[in-house]
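Residue-level listing of the chains:
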Amino acid sequence: MAEYDVDLFVIGAGSGGTRAARIASGHGARVMIAEADRIGGTCVIRGCVPKKLFVYASRFMDDFEDAAGFGWTLPEKPVFDWPTLRDAVANEVTRLSGLYRKGLDGAKVEVREERAVIEDAHTIRLETSGQKVTARHILVATGGWPSFDPPIPGGELGISSNEVFHLPALPKRMLVVGGGYIALEFASLFARLGVAVTVLHRGDNILRGFDEDVRTRLRDALKEAGIAFRLGCTIDRIEQLPDGARRAHCATGAPIDADVVLVATGRRPNTKGLGLAKAGVELGPLGEILVDAASASNVPSIHAVGDVTNRVNLTPVAIREGHAFADSTFGGRNWTVDHGMIASAVFTTPEVGTVGLSETQAVAAGHEVRVFESGFRPMKATISGRHERTYMKLVVDAKTDKVIGVHILGHDAGEIVQSVAIAVTMGATKADFDRTVALHPSAAEELVTMRTPRNS
Ligand code: NDP
């Protein structure tokens, strides 16, 4: 008789949990995974994937307009149908969730589609069936959940990014609360779909933590796209008007009326009611599971990966953490994830792509910096007549000549930064960038043609 029912029990079949389960099983472990919602987790079901499809939809608006300058005449004014997009995206999500399930089945991972709670360091209870399972190792990969903290009166009249994918109709007016990734991505895409969007944010600028030059330029571009901003402003309460619309009252200034209030004020680790306290697992102030570099909690048999640990809350990071855990625990290959140099994008239009340190962060970290920047009108905008600018910035350590930050605002910024992140991760110097021959005509060639540092 085996000492435990399984070698690994994974709670949460999102990006991190699924990867860990499949890899562990591949190493010969007996693995069971439980998911209380749909297989696939936040990214596939209500995050990155459906959001990016919405972003694609929103950008057709620009293409229709730009086409005129290139000689195209559309027979009629394009009309957008929200239910068609919403349902097509929902179907794609269902397809992907099915593929995740197939992948788990194919890897011989036992799947339980019900909520699991931890009874003790080696025991899981499945809530619906009541089944108890003992496991040598438990991996918590339950992700995060939208939060509005502290709650405000009428907060329940708002929706989160979970619900935004299923709106019965496209609203005429939308108020978006928050100034981070989710707030700006949805503000940007809904504005392009024809919604009158207002962003209300407590800070004096959007995207705290990003490079200042990018923050300001993105805000200006979004304003130009028709988004209204109420900055330096917190929301006090939301009420429902007789016609069903919402009215948001702010600490300063006039109230704002909207058909939908999207609250995007951050996410919290999903640890409530999981039995972690009973098992003695230490949590941080936001409820995150405190883990070491190997994703181990203070209880030796319990590990955690992904957003539930609130380290770097990005899908590819969760996947790596899950993979590293499985290799290290079951595959005899110890490795950990380097959280230091991770590229990310904000899928607004224009898009933000970034890797490494912002100028401010570099200075604060003690680097003597040289900054190279380029702002230009993209080639396509010359004939289309669209008023837009692309911005690129390199932050270089003056002593070592290493490029320690790349920040781009413009078309395909995410795609460009993904490639340049390889060079930056390898420790490329500005001289390496300079000796790279430009690919012409492209926007990304600017990255290798900037020669004069700012203020020199
Ligand atoms: P973010 O942390 O990015 O943004 C939260 C925003 O809400 C900030 O502007 C914050 O302001 C504001 N805020 C927080 N608390 C309050 C409050 N009580 N009252 C008013 N405003 C508040 O979180 P998101 O929800 O946008 O996204 C969650 C995470 O998901 C991100 O950190 C990111 O890691 C991930 N994500 C990644 C995406 C991508 O890679 N493209 C896309 C979407 C999400 P302040 O700046 O002042 O703190």
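Everything below is about the structure printed above this text.
Here we summarise the structure given alongside this text. (Residues numbered from 1 in each chain as written. Predicted model: local features only at pLDDT ≥ 70, side-chain atom pairs only at ≥ 80, totals over all residues. Heavy atoms only, no water.)

## Points about the site of the ligand
Which entries qualify depends on this criterion: We call a residue near a molecule or strand when any one of its heavy atoms sits within 4 Å of it. Pairing of N or O atoms within 3.5 Å defines a polar contact, subject to two protein rules: one partner must be a possible hydrogen donor and the other a possible acceptor, and residues neighboring in sequence count only if both atoms are side-chain atoms. Per-residue and other accessible areas follow the Shrake-Rupley method at a 1.4 Å probe size, with only the shown protein chains counted as cover for residues.
Contacts to the ligand come from 20 residues, most closely from D149, I182, R208, N313 and A345. One of the backbone N or O atoms of I182 is found 2.8 Å from an oxygen atom in the ligand. Contact between the ligand and G266: an oxygen atom at 3.2 Å from a main-chain N or O atom of the residue. For the ligand, the protein covers 78% of the area, taking 920 Å² as the surface of the free molecule.

## A look at the state of the cysteines
Disulfides are covalent bonds that link the sulfur atoms of two cysteine residues. Going by this rule: Criterion for a disulfide: a pair of cysteine sulfur atoms at a distance within 2.5 Å. Using a 1.4 Å probe on the protein chains alone, a residue whose accessible area is under 20% of its type maximum counts as buried, one over 50% counts as exposed, and one in between counts as partly exposed.
The tally for this structure, following the rule as stated, stands at zero disulfides. Not engaged in a disulfide, the cysteine C233 finds its nearest cysteine sulfur in C250; these two sulfurs lie 4.2 Å apart. Given a relative accessible area of 3%, C233 falls into the buried group.

## Some thoughts on the packing of aromatic side chains
Threshold: Stacked, tilted and edge-to-face are the three classes assigned to paired rings of Phe, Tyr and Trp, where Trp is represented by its six-membered ring and a pair needs centres within 6.5 Å; plane angles under 30 degrees give stacked, over 60 edge-to-face, the rest tilted. A run of DSSP states H or I qualifies as a helix once it reaches four residues; a run of E qualifies as a strand once it reaches two. Both are numbered from the N-terminal end. Charges are assigned to positions over rings by a cutoff of 6 Å between ring centre and Lys NZ or Arg CZ, combined with an angular limit of 35 degrees from the ring normal.
A full pass over the atoms with the stated rule returns eight aromatic pairs. Ring geometry for F165 against F186: centres 5.6 Å apart, planes inclined by 75°, an arrangement best described as edge-to-face. In this pair, F165 sits in the loop between α5 (161–164) and β8 (173–177) while F186 sits in helix α6 (residues 181–192), placing the two residues 21 residues apart along the sequence. Note on F165: relative accessible area 4%, which makes it buried. Overall, F186 belongs to the buried group, its relative accessible area being 2%. Here the aromatic residues F54, W82, F165, F186 and F190 are joined through ring pairs into a cluster of three or more. A cation over an aromatic ring shows up here: K430 above the ring of F372, its NZ or CZ 4.3 Å from the ring centre.

## Thoughts on the pattern of salt bridges
As a reminder, the rule being used: Take a side-chain nitrogen of Lys or Arg and a carboxyl oxygen of Asp or Glu: if they are within 4 Å of each other, that pair is a salt bridge.
Under the criterion given, the structure shown has 35 salt bridges. Its salt-bridge partner being R454, residue D213 comes within 3.5 Å of it at the nearest N-O pair. Taken together, the residues span a long stretch of sequence, with D213 in helix α7 (residues 212–224) and R454 in the segment after α12 (430–434) at a distance of 241 residues. Classification of D213 by relative accessible area gives buried; the value is 19%. Owing to a relative accessible area of 28%, R454 belongs among the partly exposed residues under this scheme. Each member of the salt-bridge network shares a partner with another, and the members are D211, D213, R217, E359, E373, K393 and R454.

## Section: the side chain of N162
Applicable threshold: The contact rule is simple, with two residues in contact once any of their heavy atoms fall within 4.5 Å.
Structurally, the position occupied by N162 is in helix α5. Classification of N162 by relative accessible area gives buried; the value is 8%. Dropping the residues within four chain positions of it, N162 is found in contact with R46, W145 and P146.

## Remarks on the sheet that holds strand β9 (residues 196–201)
The criterion, for reference: Two strands are counted as paired when DSSP detects at least two bridges linking them. The axes are straight lines fitted to the C-alpha atoms, using for helices just the contacting stretch, and the angles between their N-to-C directions are given from 0 to 180°.
The strand order β10-β9-β8-β14 describes an open sheet built from four strands, whose pairing is parallel. The open sheet has two free edges, formed respectively by β10 (228–231) and β14 (260–263), since each of these has just one partner strand. Sheet twist, expressed as the average angle between the axes of neighbouring strands with direction ignored, equals 20°. Of the pairings in the sheet, the one linking β8 to β14 comprises four bridges and is parallel in character. Each residue of the ladder has a partner; that of L175, found in β14, is V261.

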